[in-house]
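One-letter residues, chain by chain:
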Amino acid sequence: MWDRVQEALLAGKREEIESLVEDALQSGIPAAEILHRGLIPGMERLGALFKRNEIFIPEVLVASRAMHAGLARLEPRLVKEGVAPRGVVVLGTVRGDLHDIGKNLVGMMLRGAGYRVVDLGADVPPERFVEAAREERADIVGLSALLTTTMVHMPGVIDALRAAGLGVPVVVGGAPLSPEYAQRIGAQGYAPDAASAVTLVNGLL
Ligand code: B1M
């Protein structure tokens, strides 16, 4: 079952992913299990192939679209309904960075935990974070980066927030980051994955 999900993801078979996810949900498998045993390991295999130059950007893009389609099917189950917002989280991937799958997962988990998430998308400039944090009265700003060349834009966002007089806590995450890096740039927290991001945000509020 999980091999089939991973193979379909690697092959970028969007419709097959949608029906495998749907079938799994229908047969009572929890959404979190489908995510952690099927889709995420599939993305890890994809990453390993990409790293070894065994596949290239077009294949990664097609697989990413299939991943998005699978996540869209899972989202209603991952997100609890009718829960009063526990707080507002403004979330985005920093400037120059188009990776949004991990950030979307973080957003889903936070929604599932009862937060209102304002997702600014990917390639978000610092001033957009500031504007949204102010307008939405954010309780937390969350920054994601997947590239060593874009994680360096995180301190710029924190500086821009502080220059605008906003003391809102900032949490960061993404594969190239570390708790040490988060501390060094003045972020209030770092989470290695989406579930830890919820624990982190819960702890900060
Ligand atoms: Co890119 N890419 N990519 N890529 N890509 C990586 C990141 C890379 C590690 C691949 C590799 O070489 N092995 C490498 C980065 C190297 C580096 O800088 N260290 C890389 C590269 C080099 C590039 C390009 C530069 C390639 C090129 O053009 N030559 C290019 C850059 C484009 C740009 O952004 N400007 C590029 C492009 C792309 C695609 C567009 C094709 C596609 C992205 C599609 C999309 O996101 N819509 C893509 C993908 C899919 C990947 C890999 C294969 C998978 C990323 C992913 O979605 N993982 C990736 C290899 C890898 O990571 N192994 C790779 C699954 C996701 C669930 O995990 O995103 O880590 P992740 O998120 C986790 C945690 O990190 C954490 O929680 C999430 C869920 O558990 N987390 C947070 C993330 N954000 C958080 C925020 C938080 C808290 C936790 O708080 C706010």
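Cut-offs used in this document
- Residues numbered from 1 in each chain as written.
- Predicted model: local features only at pLDDT ≥ 70, side-chain atom pairs only at ≥ 80, totals over all residues.
- Heavy atoms only, no water.
- 1 Å grid on protein atoms, 1.4 Å probe; cavity = no way out; pocket = protein on both sides within 12 Å on 5 of 7 lines; lining within 4 Å.
- Points joined across faces, edges and corners; volume = space filled by probe spheres on them.
- Helix = DSSP H or I, 4+ residues; strand = E, 2+ residues; numbered from the N terminus.
- Nonpolar A, V, L, I, M, F, W, Y, C, P; charged D, E, K, R; others polar.
- Donors = N, O, S within 2.8 Å, 3.2 Å for Na, K, Ca; no water.
- Expected span 1.5 Å × (residues − 1).
- Bend = angle between axes of the 7 residues up to and from the residue.
- Near = heavy atom within 4 Å.
- Polar contact = N/O pair within 3.5 Å; in protein donor to acceptor, adjacent residues only side chain to side chain.
- Sits in = over half its atoms within 2 Å of the grid points.
- Salt bridge = Lys/Arg side-chain N within 4 Å of Asp/Glu carboxyl O.
- Buried < 20%, exposed > 50% of the residue type's maximum accessible area, 1.4 Å probe, protein only.
- Pairing = 2+ DSSP bridges.
- Contact = heavy atoms within 4.5 Å.
- Axes fitted to C-alpha atoms, helices over the stretch in contact; angles between N-to-C directions.

Novice: Residues and numbers for the layout of surface pockets, please.
Specialist: Its volume calculated, the largest pocket comes out at about 1500 Å³. What lines the largest pocket is a set of 43 residues, among which H99, I101, G102, L146 and A175 lie closest to the centre. Elements represented by at least two residues in the lining of the largest pocket include exactly α3 (31–51), α4 (57–78), β1 (88–93), α5 (101–112), β3 (140–144), β4 (170–173) and α9 (194–204). Residue classes in the lining of the largest pocket are distributed as 29 nonpolar, 10 polar and 4 charged.

Novice: Describe the coordination of the cobalt atom of the ligand, listing the residues and the values that go with them.
Specialist: Octahedral six-donor coordination of a metal ideally yields angles of 90 or 180 degrees, compared with 109.5 degrees for tetrahedral four-donor coordination. Within the protein, just one atom coordinates the cobalt atom of the ligand: H99 (NE2), at a distance of 2.2 Å. Within the element layout of this structure, H99 appears in the loop between β1 and α5.

Novice: Requested: an account of α4, with residues and values cited.
Specialist: In this model, α4 (22 residues) spans 29 Å end to end at C-alpha, consistent with the 32 Å of a helix rising 1.5 Å per residue. Taking the largest bend as the criterion, α4 deviates by roughly 30°, centred on A72, and proline P76 comes between one and four positions later.

Novice: Please provide a residue-by-residue account of the environment of E44, values included.
Specialist: Within the secondary structure, E44 is located in helix α3. Separated by 38 residues in sequence, E44 and Q6 have C-alpha atoms that sit 9.5 Å apart.

Novice: Give a description of the site of the ligand that names residues and reports values.
Specialist: Close contacts around the ligand come from 35 residues, with G96, L98, H99, D100 and S144 the closest. Interatomic distance of 2.7 Å between a side-chain N/O atom of S144 and a nitrogen atom of the ligand. Contact between the ligand and T148: an oxygen atom at 2.9 Å from a main-chain N or O atom of the residue. When atoms are counted within 2 Å of each cavity's grid points, the one that captures over half of the ligand is the largest pocket. Those elements that place two or more of their residues in the shell around the ligand are α3, α4, α5, β3, β4 and α9.

Novice: Please provide a residue-by-residue account of the pattern of salt bridges, values included.
Specialist: Side chains bearing opposite charge may pair, as long as their charged atoms lie close to each other. Applying the stated criterion across every chain, the model contains 8 salt bridges. The salt bridge involving K103 is made with D119; its shortest N-O contact spans 2.9 Å. Of the two residues, K103 is situated in helix α5 and D119 in strand β2 (residues 116–119); the sequence distance between them amounts to 16 residues. Given the relative accessible area of 3%, K103 is considered buried.

Novice: Could you give an account of the sheet that holds β3, naming the residues involved and the relevant values?
Specialist: Pairing is parallel in the open sheet, where 5 strands are placed in the order β2-β1-β3-β4-β5. The two strands at the open ends of the sheet, each matched to only one other strand, are β2 and β5 (189–190). Looking at chain direction, β3 and β4 are connected through 4 bridges and run parallel. Its bridge partner lying in β4, V141 is registered against V170. Set on the sheet, helix α6 (residues 126–135) makes contact with β1 and β3; between it and β1 the angle comes to about 170°. Together, β1, β3, β4 and β5 form the strand contacts of α9, whose direction differs from that of β4 by roughly 165°.

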